[in-house]
Amino acid sequence: MALLLFCATAFHLGLFPPLSLPSRNTFLLYRGGFGGFGTTSTTAGSAFSFSAPANTGTTGLFGGTQNKGFGFGTGFGTTTGTSTGLGTGLGTGLGFGGFSTQQQQQTTLGGLFSQPTQAPTQSNQLINTASALSAPTLLGDERDAILAKWNQLQAFWGTGKGYFNNNIPPVEFTQENPFCRFKAVGYSCMPNNKDEDGLVVLVFNKKETDIRSQQQQLVESLHKVLGGNQTLTVNVEGIKTLPDDQTEVVIYVIERSPNGTSRRVPATTLYAHFEQTNIKTQLQQLGVTLSMTRTELSPAQIKQLLQNPPAGVDPIIWEQAKVDNPDSEKLIPVPMVGFKELLRRLKVQDQMTKQHQTRLDIISEDISELQKNQTTTMAKIAQYKRKLMDLSHRTLQVLIKQEIQRKSGYAIQADEEQLRVQLDTIQCELNAPTQFKGRLNELMSQIRMQNHFGAVRSEERYYIDADLLREIKQHLKQQQEGLSHLISIIKDDLEDIKLVEHGLNETIHIRGGVFS
């Protein structure tokens, strides 16, 4: 109670300003396909306690550091096992001669999320933080007020050390402290795989191309890490690219028994084996920087996670993040502390966008290829239909000629006579004026009339201007006069030709009489 009064008095006096809540824009949504939220490994205390836990693992996918729990941003605790080794020490337990789990010591749900008693340590740390931010007594003069403002600035940034007393060590400001301003809440997909699926994620510090080119060697190396047991088979479920030239490889192990049955090794058992010190060293030599299980959380675990805000995250922001969750069944809020975490999520988002775009390009190419194949197939079908019709006609002609040759010299049989009578009847019905032929003639006449009326209606009419029409008439009149003049000249020439011809004829007769 005294501690709460001290903090309230400090805020009331304005010794350090209140924290402003981030706007809704700071709640970043991420729908990734990782299926796991990176984990933190803590040695004491809850990962979501007020004090920052001591990190002992490598950086995780969604929250910072590796843990031995479930793969969430800031770990739930650890699960210990005394008989989960592979290779040596196997042969009892499940009857497969492999993973023995009879003596495995798994913590209960209460113990999994239980928080060790650290109230005195947390209280002292909170008192020291409040003293460094409000009333340092390092110098004993007005410079302590300047030091207090400097400590507040460091606390807001989440870095540095806050000196406040000569006899007490300084306070280490981290980004998990409640006064750090660079925080937000995003959303990550919850894994939906069961422990029986046996999926374990290994993050390699190598490019995807290198992993795929050496996939067989990688499987053999992991089999050696498992002790080289011939009853165990390592299988790769999937390979995915991560930012910073890293690659995520999802594996599972199948164990076969002497009687021919097989099963997948549970993910927790396989993960516990990978977390052994000597095994982890061998994995690191292969380039593994992080390992985690890809298993779904129980409703009780999700409830426990949502009820306790992460370290340094304001409960109001955490509650608002739960309310704004677009899909509470598939997404879960996770804290984003600092610019590095924001940059990492941005890289992951860009990587997923590129993968989606690549997949869309592949689908588009497949669709284009299918459209081309469809067009080619349709053309071939039409060609084959025409060919089939032609062959049918040719076959019918061959059958007719063959039947004629076979029946030559024979009298008409009764069935053939019946067919001839039926054909004659059909022919008469078709030729009857009131039957099909008359109807067909009527339809043909209607079609011709419609075509004629359509042609008449389609004729275009032009209207000429009066002046233009006058000019045309004048031009045609001149042409007509010219033609008339030309005709008169031709007639005169014809008369002259006749006169010349008549004169020539008389001359010929006269010469003929003289010579006679």
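Scope of this entry: the structure provided in the associated data block. Since this is a predicted model, take the numbers as computed values, not measurements.

### Notes on the overall build of the protein chain
Reasoning step 1: Broken down by element type, the protein chain carries 14 helices and 10 strands.
Reasoning step 2: Relative to its full complement of 516 residues, the protein chain shows a buried share of 32%.
Reasoning step 3: For the protein chain, the share of sequence-separated contacts (at least 6 apart) that also reach a separation of at least 24 residues comes to 68%.

### A word on helix α4 (residues 143-157)
Reasoning step 1: Spanning 15 residues, α4 covers 21 Å between terminal C-alpha atoms, matching the ideal 21 Å at 1.5 Å per step.
Reasoning step 2: Among all positions in α4, only Asp-144, Leu-147, Ala-148, Asn-151, Gln-152, Gln-154, Ala-155 and Phe-156 are buried.
Reasoning step 3: Directly after α4, the chain includes Gly-158, whose backbone phi takes a positive value near 80 degrees.

### Points about the packing of aromatic side chains
Reasoning step 1: Tallying each qualifying case throughout the model produces 2 aromatic pairs.
Reasoning step 2: Aromatic side chains Phe-182 and Phe-339 sit 4.9 Å apart centroid to centroid with 45 degrees between the ring planes, which places their arrangement in the tilted category. With a gap of 157 residues between them, Phe-182 in the loop between β3 (171-172) and β4 (183-189) and Phe-339 in helix α11 (residues 338-407) connect regions that are remote in the sequence.
Reasoning step 3: Of the residues examined, Phe-182 reaches a relative accessible area of 28% and is grouped as partly exposed.
Reasoning step 4: An aromatic cluster is built from Trp-157, Phe-182 and Phe-339, whose rings are joined through pairwise contacts.
Reasoning step 5: Geometry around Phe-156 places Arg-181 over its ring, the cationic atom sitting 4.5 Å from the centre.
Reasoning step 6: We note Arg-264 situated over the ring of Tyr-252; from NZ or CZ to the ring centre the distance is 3.7 Å.

### Let's talk about the nonpolar core
Reasoning step 1: Among the nonpolar cores identified, the biggest contains 22 residues, and Leu-202 and Phe-274 are the most heavily contacted of them.
Reasoning step 2: For this core, the elements supplying multiple residues, two or more each, are β5 (200-204), α6 (215-225), β6 (232-242), β7 (246-256), α7 (267-274) and α8 (277-285).
Reasoning step 3: The leading source of residues in this core is α6, at 4 residues.
Reasoning step 4: If we skip the residues at most four places from it in the chain, Leu-202 touches Leu-222, Thr-247, Glu-248, Val-249, Ile-251, Phe-274, Val-288, Leu-290 and Ser-291.
Reasoning step 5: Counting residues in hydrophobic clusters, the runner-up holds 9 residues, among them Leu-199, Leu-242, Tyr-252 and Met-292.

### Overview of a nonpolar patch on the surface
Reasoning step 1: Taken together, Leu-423, Ile-426, Leu-430, Phe-436, Leu-440 and Leu-443 make up a surface patch of nonpolar side chains, about 580 Å² in accessible area.
Reasoning step 2: Sorting the residues of the nonpolar patch by element identifies α12 (414-431) and α13 (436-458) as the ones contributing at least two each.
Reasoning step 3: Its location among the elements puts Leu-443 in helix α13.

### A word on the side chain of Glu-248
Reasoning step 1: For Glu-248, the location among the structural elements is in strand β7.
Reasoning step 2: For Glu-248, a relative accessible area of 2% translates into the label buried.
Reasoning step 3: A polar side-chain atom of Glu-248 sits 3.0 Å from a polar atom in the side chain of Arg-294.

### Description of α7
Reasoning step 1: In terms of burial, α7 is a largely internal element, 7 of the 8 residues being buried.
Reasoning step 2: Buried within α7 we find Ala-267, Thr-269, Leu-270, Tyr-271, Ala-272, His-273 and Phe-274.
Reasoning step 3: Lining the buried residues of α7 we find β5, α6, β7, α8 and β9 (288-293).

### Overview of the environment of Phe-164
Reasoning step 1: Of note, Phe-164 is situated in the loop between β2 (161-162) and β3.
Reasoning step 2: Separated by 33 residues in the primary sequence, Phe-164 and Ser-131 place their C-alpha atoms 6.6 Å from one another.
Reasoning step 3: When near neighbours in sequence (up to four residues on either side) are disregarded, Phe-164 contacts Asn-128, Ser-131, Ala-132, Pro-136, Thr-137, Leu-138, Pro-169 and Val-171.

### Let's talk about a negative patch on the surface
Reasoning step 1: Negative charge collects at one region of the surface, where Asp-361, Glu-365, Asp-366 and Glu-369 lie side by side.
Reasoning step 2: Inspection of the secondary structure puts Glu-369 in helix α11.
Reasoning step 3: Relative accessible area serves as the criterion here: at 44%, Glu-369 is assigned to the partly exposed category.

### Remarks on the pattern of salt bridges
Reasoning step 1: Throughout the structure, instances matching the rule amount to 15 salt bridges.
Reasoning step 2: The partner of Lys-240 in a salt bridge is Glu-248, with the nearest N and O atoms 3.8 Å apart. Comparing Lys-240 with Glu-248 shows no difference in burial state: the two are buried.
Reasoning step 3: A network of salt bridges, in which partner residues are shared, links Lys-240, Glu-248 and Arg-294.

### Side note on the pairing of β5
The side chains of a regular strand alternate, first on one face of the sheet and then on the other.
Reasoning step 1: For β5, the tally of buried residues reaches 5 of 5 residues, placing the bulk of the element in the interior.
Reasoning step 2: Burial along β5 is two-sided: Val-200, Leu-202 and Phe-204 and Val-201 and Val-203, pointing in opposite directions, are all buried.
Reasoning step 3: Strand direction decides the pairing type here: β5 and β7, joined by 5 bridges, are antiparallel. By the bridge assignment, Val-203 is partnered in β7 with Glu-248.
Reasoning step 4: When β5 meets β9, the two strands line up antiparallel, connected through 5 bridges.

Thresholds, definitions, all that
- Residues numbered from 1 in each chain as written.
- Predicted model: local features only at pLDDT ≥ 70, side-chain atom pairs only at ≥ 80, totals over all residues.
- Heavy atoms only, no water.
- Helix = DSSP H or I, 4+ residues; strand = E, 2+ residues; numbered from the N terminus.
- Buried < 20%, exposed > 50% of the residue type's maximum accessible area, 1.4 Å probe, protein only.
- Contact = heavy atoms within 4.5 Å.
- Expected span 1.5 Å × (residues − 1).
- Phe/Tyr/Trp six-rings, centres within 6.5 Å; stacked < 30°, edge-to-face > 60°.
- Lys NZ or Arg CZ within 6 Å of the ring centre and 35° of its normal.
- Core = buried A, V, L, I, M, F, W, Y, C linked by side-chain atoms within 4.5 Å.
- Patch = residues over 30% accessible without salt bridge, like charges linked within 9 Å, V, L, I, M, F, W, Y side chains within 5 Å.
- Areas by Shrake-Rupley, 256 points an atom, 1.4 Å probe, with all protein chains shown as cover.
- Salt bridge = Lys/Arg side-chain N within 4 Å of Asp/Glu carboxyl O.
- Polar contact = N/O pair within 3.5 Å; in protein donor to acceptor, adjacent residues only side chain to side chain.
- Lys, Arg positive; Asp, Glu negative; His and termini not counted.
- Charge placed at Lys NZ, Arg CZ, Asp CG, Glu CD.
- Pairing = 2+ DSSP bridges.

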